[in-house]
Amino acid sequence: MKKEDLFESLNDVKDEYVSEAGKTAPAKKQSHWLRWGAAAACVAVAVFAGTRIGGPAAVTPTPPSVESGEVAVSAQPVESVKPTTPAAESPKPTQTAPVVEPSAPPATVNGLPVLTVADFSGGMGFEGLLAYDPDELADSCPWKGETLETMPVYKNQAPGDTAGFVEGDRDAMEAQVREIAARLGVTGELTITDDATTPEEIAKGATPQGPYYVRGTAEGVEITAYADQSIQVEFDPAVTLPEGLRFDESDADALREVGEYLKEEYAELLDMAEPVVTLQGGDYSFRGDRSGLDLYLYDGAGDLPEQIAGHDLKSAHLCEDENKLYLIWLDAYDLSEKVGDYPILTAEEATDLLCQGNYITTVPAEMPGREKIVRTELMYRTERTAEYFMPYYRFLVEVDDPAATNDGAVALGLKTYGAYYVPAVRGEYLTGMPVWNGDFNI
Amino acid sequence: MEDERIVQLYWDRDEGAIPATAEKYGRYCGTVAGNILPSAQDVEECVNDTWLHAWNAMPPHRPQLLPAFLAKLTRNLAFNRWKRERAQKRGGGEVALALDELAECVSGRDSVEAELDRGELTAAIDDFLAALSGQQRREFLLRYWYAEPIAAVARREGRPETAVTKSLSRTRQKLRDYLTERGFDL
């Protein structure tokens, strides 16, 4: 058989597999999306199938995404957008409701620019976690229910297009690579490469496209700056830890010890005023395998709103391979432009909105009720399409709708906790809330 | 527009089907073709061919997953065009690299069974893919179905390139073993 025969035979694999892979959106950290197998893939595809993909028939080669930013948005909490449909008052995932067009918003309210709510980009599946008990899920959120009056909102300095695809500034990314190399103490010459369209490719008719990443390679380390404001530092060979430390993803205490060591060892690289060790993960696959805990450091300096921003916008993911450190994944969000401190809802107000159906979610099931909420967090979302980084209340809610559960997981006794979001900024400061068109297309 | 409505437009022989498809899936199909074909003009022509083939296929076909149906048409058309280009020494690009990797799974010789039962092979590959983890399957298909560069696969999965490269290598080896055990003349 020839390789071309095999390539062509792949063309006829199951549609579900093609969709599953094509749905995988460019993602930095997306470890908590439930991606069911073939049977449920249809459901997940259906969730996204009713909404748009990035506009007209542009044929510029960009990473495939069957749809870009598809979300189920149930009604809206924005005061400037008046619900006018029965579905807006009483959302039902299987009913069709016309899109509510927002009225023209004022440019500012109380001196603060009105914020546009971003679409949520997603991959195949939906955002949810499997566990036997919600306490098994690591809770790294610095907010523990405190009442806050305001939260800072930042301008996203590198928003992507409607598909979330970002084209970077090559010189700026190379400067980032060199800065990180300097912080690491790399003394050897860096070999710089990027993935921009080459002159040879353009000469052949390829569409010119700027770089998505710029990479610097030196002995023992590879530093990659991505256009979506993240930086990957990969060590080759991986870094051996001192004797006695165990980079064991199943042992929270051991991981925390490793984190405390690494935050000192890489203090210059991390450039955090007050690095805080934290763990994420702890959920299960639908086959019942528990995922390892993920070790993170975040900048916990400042007051609580700043700590929350640090947790979500200035963090580092430390990855292990055979008890060694082989990768540090850094947020590199440019937070230089703070739009303002915005008045926010209380958790109780946000919960009320959630229970009234005013939420954003990728979960293919209606919010099942207040008594099903198992966790509330206050956090920032970082959609590539977002114009702003703004705070949201994130509710983990136990769902048992067949559209959002997996038979195998249910048989094992695993529960599904779906993520539902309510923008934390008060409604009078928001506009452009995408309104679910009521169609799950199932 | 919902997929069912678009499909119905084809069945109704409504010419609005094509602009509706192009608006919703033009970018997606353009990406599928663009990963295989280096020329923007070729990509555009290939995508337009896709709409024509879709028009000819529906009816009688009524796809359950319209995007996958369209992507398959596009990939097939793009690869045929790529082979023609290669014959004129103008092929290459990412798909050539992906093919070289797939070469590890096959002998490179013409099959003794001149007419390989492609249906049986595809069914076996489906079974093989079903047994992979979701991540392995997505990475395999992003690389060898969508012809995505490894760097892009890594970004989509949130993993380092070396990890993806190793994973793909293991999956290719598994595929070769799997098909050999089932008697395919590789």
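All values derive from a computational prediction rather than experimental measurement.

1. Thoughts on the overall build of chain A
Of the regular secondary structure elements, chain A holds eleven helices and 22 strands. In chain A, buried positions account for 57% of the 442 residues. Surface summary for chain A: the accessible area is close to 17,300 Å², and the carbon and sulfur share equals 48%.

2. Concerning the environment of A:T191
All names here are of chain A. Of note, T191 is situated in strand 8 (residues 191-194). Measuring from C-alpha to C-alpha, the distance between T191 and G216 comes to 5.3 Å, with 25 residues separating the pair along the chain. Look past the residues within four positions of T191 in its chain and what remains in contact with it is R215, G216 and T217.

3. Comments concerning helix 7 (residues 252-265) of chain A
All names here are of chain A. Between its first and last C-alpha, helix 7 extends 20 Å over 14 residues, near the 20 Å set by a 1.5 Å rise per residue. Taken together, the buried positions of helix 7 are A254, L255, V258, G259, L262 and K263. Projected onto a plane normal to the axis of helix 7, the buried residues spread over an arc of 170° and lie on a single side. Exposed residues lying more than 90 degrees from the buried face of helix 7 are D253 and E264. Against the buried residues of helix 7 lie helix 8 (267-270), strand 12 (275-281), strand 13 (293-299), strand 14 (315-321) and strand 15 (324-331). The backbone nitrogen of D253 has a side-chain oxygen 3.1 Å away, supplied by the residue at the start of helix 7, namely D251.

4. Some remarks on the nonpolar core
Grouped together as the largest cluster of nonpolar side chains are 70 residues, with contacts concentrated most on B:L129 and B:W145. No other element matches helix 4 (residues 66-87) of chain B, which puts ten residues into this core. Each residue touching B:L129, except ones within four places of it in the same chain, is listed here: A:V13, A:Y17, B:R137, B:F140 and B:L141. Counting residues in hydrophobic clusters, the runner-up holds 40 residues, among them A:L190, A:V214, A:F247 and A:I328.

5. Things to note about the sheet that holds strand 7 (residues 150-155) of chain A
All names here are of chain A. In space, the three strands of this open sheet follow the order 16-7-19, with antiparallel pairing throughout. The open sheet has two edge strands with one neighbour each: strand 16 (338-343) and strand 19 (388-389). Looking at chain direction, strand 7 and strand 19 are connected through two bridges and run antiparallel. Among the inter-strand pairings, Y154 is bridged to a residue of strand 19, identified as F389. Its contacts with the sheet put helix 9 (residues 304-313) on strand 7 and strand 19, and the angle it makes with strand 7 is roughly 40°.

6. A short note on helix 8 (residues 150-157) of chain B
Residues three or four positions apart in an α-helix share a direction because the helix packs 3.6 residues into each turn. Burial analysis of helix 8 of chain B places eight of its eight residues in the buried class, the great majority of the element. Along helix 8 of chain B, the residues classified as buried are B:I150, B:A151, B:A152, B:V153, B:A154, B:R155, B:R156 and B:E157.

7. Observations regarding the sheet that holds strand 15 of chain A
Residues and elements named next belong to chain A. Here we have eight strands laid out as an open sheet, ordered 8-9-10-11-15-14-13-12, and antiparallel in their pairing. What marks the edges here is a single partner per strand, and that holds for strand 8 and strand 12. Sheet twist, expressed as the mean angle between neighbouring strand axes with direction ignored, is 20°. In this sheet, strand 9 (residues 213-218) lies alongside strand 8 in antiparallel orientation, the contact comprising four bridges. Looking across to strand 9, one finds that D194 is bridged to V214.

8. A closer look at the packing of aromatic side chains
Residue and element names in this part refer to chain A. Applying the stated criterion across every chain, the model contains 18 aromatic pairs over all chains. Where Y154 meets Y380, the ring centres are 6.4 Å apart and the plane angle is 50°; that geometry is what we call tilted. Of the two residues, Y154 sits in strand 7 while Y380 sits in strand 18 (residues 373-380), which places them 226 residues apart along the sequence. Both residues of the pair, Y154 and Y380, belong to the buried class. Here Y392 and Y421 contribute two aromatic rings whose centre-to-centre distance is 6.1 Å and whose plane-to-plane angle is 90°, an arrangement assigned as edge-to-face.

9. Digging into the pattern of salt bridges
One pass over the structure, following the stated rule, counts 26 salt bridges over all chains. Residue B:D100 pairs with A:K3 through a salt bridge whose shortest N-O separation is 2.8 Å. A residue pair is termed interchain when its members come from two chains, as with B:D100 in helix 5 (residues 93-102) and A:K3 in helix 1 (residues 3-9). Residue A:R394 pairs with A:E377 through a salt bridge whose shortest N-O separation is 2.9 Å. On the criterion of sequence distance, the pair formed by A:R394 in strand 20 (residues 391-399) and A:E377 in strand 18 is long-range, its members being 17 residues apart. When its relative accessible area of 10% is taken as the criterion, A:E377 is described as buried.

10. With respect to the confidence of the model for chain A
Residue and element names in this part refer to chain A. In the predicted model, chain A carries a mean pLDDT of 77, and 74% of its residues have values of at least 70. Of all helices and strands in chain A, the one with the weakest mean pLDDT is helix 3 (residues 38-49) (28), whereas strand 18 scores best (97). The low-confidence segment residues 25-32 (pLDDT under 50) makes 32 contacts with residues lying over four places distant or belonging to another chain. Segment residues 35-103 is flagged for pLDDT under 50; beyond a separation of four residues in sequence, or across chains, it makes 196 contacts in the model.

11. As for the confidence of the model for chain B
Residue and element names in this part refer to chain B. Of all residues in chain B, 92% have pLDDT values of 70 or greater, and the mean over the chain is 85. Considering each helix and strand of chain B separately, the mean pLDDT is smallest for helix 8, with a value of 80, and largest for helix 1 (residues 3-11), with 92. Here the prediction assigns the complex a pTM of 0.62, and the interface score ipTM is 0.91.

12. Comments concerning the state of the cysteines
Among covalent bonds in proteins, the disulfide is the one between the sulfur atoms of two cysteines. In this structure the tally under the stated criterion is zero disulfides over all chains. There is no disulfide at B:C29, and the cysteine sulfur nearest it, in B:C46, is 8.7 Å away.

13. Some remarks on the side chain of A:R375
All names here are of chain A. Within the secondary structure, R375 is located in strand 18. A polar side-chain atom of R375 sits 3.1 Å from the main-chain carbonyl oxygen of P134. Within polar-contact distance, the side chain of R375 engages the backbone oxygen of L137 at 2.9 Å. Once residues lying within four places of it in the same chain are set aside, the contact partners of R375 are P134, L137, A138, D139, R394, F395 and L396.

14. Structural notes on unusual backbone geometry
In this structure, A:P237 follows A:D236 across a cis peptide bond, with omega equal to 10°. Tracing the backbone through its elements, the reader meets A:P237 in strand 11 (residues 230-240). Residues B:P59 and B:P60 are joined by a peptide bond in cis, for which omega reads 15°. Position of B:P60 among the secondary structure elements: in the loop between helix 3 (40-57) and helix 4. Residue B:A147 is not a glycine yet carries a positive backbone phi of 55°. One can find B:A147 in the loop between helix 7 (134-144) and helix 8.

Definitions and cut-offs
- Residues numbered from 1 in each chain as written.
- Chains lettered and ligands numbered in written order.
- Predicted model: local features only at pLDDT ≥ 70, side-chain atom pairs only at ≥ 80, totals over all residues.
- Heavy atoms only, no water.
- Helix = DSSP H or I, 4+ residues; strand = E, 2+ residues; numbered from the N terminus.
- Buried < 20%, exposed > 50% of the residue type's maximum accessible area, 1.4 Å probe, protein only.
- Areas by Shrake-Rupley, 256 points an atom, 1.4 Å probe, with all protein chains shown as cover.
- Contact = heavy atoms within 4.5 Å.
- Expected span 1.5 Å × (residues − 1).
- Arc of directions from axis to C-beta.
- Polar contact = N/O pair within 3.5 Å; in protein donor to acceptor, adjacent residues only side chain to side chain.
- Core = buried A, V, L, I, M, F, W, Y, C linked by side-chain atoms within 4.5 Å.
- Pairing = 2+ DSSP bridges.
- Axes fitted to C-alpha atoms, helices over the stretch in contact; angles between N-to-C directions.
- Phe/Tyr/Trp six-rings, centres within 6.5 Å; stacked < 30°, edge-to-face > 60°.
- Salt bridge = Lys/Arg side-chain N within 4 Å of Asp/Glu carboxyl O.
- pLDDT = per-residue confidence, 0-100.
- Disulfide = S-S within 2.5 Å.

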